[in-house]
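# Coordinate analysis (summary)
So you can see what is in the structure, the chains are spelled out below.
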Amino acid sequence: MKKYWLLLLLPFVGFSCDQEVKETVPMTLNFEFLYDNEPLVLEAQTYTNALGQSITISDFRFYLSNLRLEGEEMFTEKESYHLLAYDLSAEDSIVIEAVPKERYTQLTFAVGIDPERNLSTDNVGDLDPNNGMAWDWNTGYKFLLLEGRYLKEGTQEEGMNYHIGGNDNYRVVTLPITLEEADTYQLKVKVHVDKIFGDKAEVGVTEAERQTFFIDFERNSPEDTMFGPYSQNVANNYALMFSVVND
Amino acid sequence: MKHFAPFSLFFSIILLWSCDPDEPSPVNSPYELSIPPHFSQQYILPENNSLTTEGVKLGRMLFYEKGLSRDGSQSCASCHQQEFGFSDPRPLSIGVRGLTGRRHAMALSNLMWERRFFWDGRAETLEAQALLPIQDPLEMDHTLEGAVAFLQGEEKYTKQFEKAFGTAGVTSERIAFALAQFQRTLISDNSPYDRYLRGEYEPTDLELKGIALFETHPIPGVVRGGNCGDCHLGTLKNGDPIGWKAFRNNGLDTDANRTDDGLMEVTGNDFDRGKFKVPSLRNIAVTAPYMHDGRFQTLEEVLDHYNEHIQYSQTLDPLILEASNQPIFSEDTTIQLYLREDEKQAILAFLHMLTDTTFLTNPSFTNPHTP
């Protein structure tokens, strides 16, 4: 009765429509994790923040999501959830197989997981509760993880565990880019890890005029390094830790 | 891309349809491995060693084969016993000639989700892992040539190697491949915890409290936590897949008292001193004793260790160094979680939820040789 056989034609309909679709090309985003403009070194290197306090870092990772390119046309990556991590080296990358061949002037993405997906148990993209970035199924994902030690002067060192998450710490980042039509796109995104604790270039600038907030390692209690109100200062800072150049 | 998908699907159906009856599979066929939907989809299954029914069968024969040891006294299963979660109830395993091993035999399950093997991570793959205990002087103390020669002298093995790999020949690489294939089938996914995740089991209040404590990093005055879930992750309850993060120093010894450097022996990195593999906690209630040297006899001792006996050292994990259920004052130099007794009981109740009796008694994993 119903004409199910018509479904057989669907593939060919799809096939013919494709002729009108713009050509697509691959895109690679290469990430470099830097501290004071040098490749991040885990554990062996002592780093300081804008307040002159010393730390070492033993682990660094964050979620980059909802990636979008804008120009004359807009490209939005589907199921766009990428875990970027110091996985044996201070570099990581994202490859997007098919980006419409266009000019693009703006790159937009978020640090963190959007509220719709944050409490979902679906394994989409790099969302996977087994990768060290999930608390549990009621709390959602850690957006940014930075672990290490606070080398507190005159006393035993303290453990330092920034596990920033919660919807209030989701941050959208927009960066200007210049991509002309090409057969392949390649961008280098520099991740200035030091800026998570405040931009040292702003030392000497009054607190009211600073763009970043100087994080005080005396406030390393888990309340301040996970969800608490103070953690939003860290989130505001990590929204500013990126710079991008053509690679 | 998307527009092509229905077309290619349509096309491949025709292809499959026409080719399937001609598929030659008289001897061997792919082993149907079912991946639990609630596990991570990021597992390791090397393309050059796909599981086959005959390969898995051979691996199981080899796993229980004492002829792989120099004096014919030891098989893999001597120290990896199914009823104990493929672990060993002895703190340190005993090898050929009664020699005592260096570390406790690790429990085996869900190995496709592990990135490195041994307590010190010295093997990158299951294939690489498989041949080392055969040659370890404190374990099976054989040579690969000797093991190959033994198997070549047994008709059941020459036949089975040919069935498994399509051509005749016993080689050490094939031994490793077959052992790895069998071990990848050791999937534990039917514990009460798994059934809870699948919505088939209603945990007790104590178990639910234990799950919450296990997963929670404590925030003094805000939320109480057992601080377990940052290292024993997700649904698998095993170590971290990123970099070397499955290896951590969990505060067993001070720098002065430590006798085993763990991961540092493999990486040569001073910052890896005293780090050992974070084991999967599946079937943990039956894999006593605990830690790389089997120093703790009971889970109660393990919890007491994490709660009140952490030893400070330079590479102690920051997640342990920092975590506490009470505010840390600078005059307090001990590292304690400050869990209450009822909270320890709840965590213990959760750990017992990880015992998978289906796995521990699965007839597909037992000794295939007639005694």
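Procedures and definitions
Residues numbered from 1 in each chain as written. Chains lettered and ligands numbered in written order. Predicted model: local features only at pLDDT ≥ 70, side-chain atom pairs only at ≥ 80, totals over all residues. Heavy atoms only, no water. UniProt positions renumbered as here; feature names shortened; annotations may be inferred. Helix = DSSP H or I, 4+ residues; strand = E, 2+ residues; numbered from the N terminus. Rg over C-alpha atoms; globule rule 2.2 N^0.38 Å. Buried < 20%, exposed > 50% of the residue type's maximum accessible area, 1.4 Å probe, protein only. Contact = heavy atoms within 4.5 Å. pLDDT = per-residue confidence, 0-100. Salt bridge = Lys/Arg side-chain N within 4 Å of Asp/Glu carboxyl O. Axes fitted to C-alpha atoms, helices over the stretch in contact; angles between N-to-C directions. Left-handed = near helix turned anticlockwise from the far one by under 90°. Nonpolar A, V, L, I, M, F, W, Y, C, P; charged D, E, K, R; others polar. Pairing = 2+ DSSP bridges.

The name recorded for chain B in an unreviewed UniProt entry is Cytochrome c peroxidase, from Algivirga pacifica. Looking at chain B in UniProt, the text filed under Subcellular location (unreviewed entry) is "Periplasm".

Per an unreviewed UniProt entry, chain A goes by the name Copper-binding protein MbnP-like domain-containing protein and belongs to Algivirga pacifica.

## Section: the overall build of chain B
Secondary structure assignment for chain B yields 15 helices and two strands. Taken over C-alpha atoms, the radius of gyration comes to 23 Å for chain B, in line with the 21 Å a tight globule of 371 residues would show. The principal-axis extent of the C-alpha atoms belonging to chain B is close to 75 × 60 × 40 Å. Within chain B, the proportion of its 371 residues that are buried is 53%. Contacts spanning at least 24 positions in sequence make up 66% of the contacts within chain B whose residues lie at least 6 apart.

## Points about the confidence of the model for chain A
Here chain A averages 90 in pLDDT, while 90% of its residues score no lower than 70. Of the regions scoring below 50 in pLDDT, residues 1–18 of chain A engages in eleven contacts with residues more than four places distant in sequence or in other chains.

## Side note on the confidence of the model for chain B
Residue and element names in this part refer to chain B. Summary statistics for chain B give a mean pLDDT of 92 and a share of 92% for residues scoring 70 or more. In this model, residues 1–25 is a region of pLDDT below 50 whose contacts with residues beyond four sequence positions or in other chains number eleven contacts. Overall fold confidence for the complex sits at a pTM of 0.90, while the interface term, ipTM, reaches 0.87.

## Describing the pattern of salt bridges
In a structure, side chains of opposite charge can pair up when their charged atoms sit close to one another. Under the defined criterion, the tally for this structure stands at 46 salt bridges over all chains. In this structure, the salt-bridge partner of Glu200(B) is Arg198(B), at a minimum N-O distance of 3.2 Å.

## Examining the packing of helix α2 (residues 53–63) of chain B against helix α7 (residues 155–165) of chain B
Residues and elements named next belong to chain B. Running from N to C, α2 and α7 cross one another at 145 degrees; their axes reach a closest spacing of 8 Å. In this structure, α2 crosses over α7, and the sense of that crossing is left-handed. Here Glu-54, Gly-55, Lys-57, Leu-58, Met-61 and Leu-62 of α2 come into contact with α7, specifically with Lys-156, Tyr-157, Gln-160, Phe-161, Lys-163, Ala-164 and Phe-165. The residue makeup of the contact of α2 with α7, split by class, is seven nonpolar, two polar and four charged.

## Thoughts on the UniProt feature "domain: Cytochrome c" (unreviewed entry) in chain B
Mapped onto this numbering, the UniProt entry annotates "domain: Cytochrome c" (unreviewed entry) at residues 54–155 of chain B. Annotation note: span residues 54–155 of chain B, helix share 32%, strand share 0%, distance between end C-alpha atoms 15 Å.

## Considerations on the pairing of strand β10 (residues 158–165) of chain A
All names here are of chain A. Of all eight residues in β10, seven are buried, a share of seventy percent or more. Bridging between strand β9 (residues 142–150) and β10 involves eight bridges; their strand directions are antiparallel. Residue pairing in the sheet places Tyr-150 in a bridge with Glu-158 of β10.

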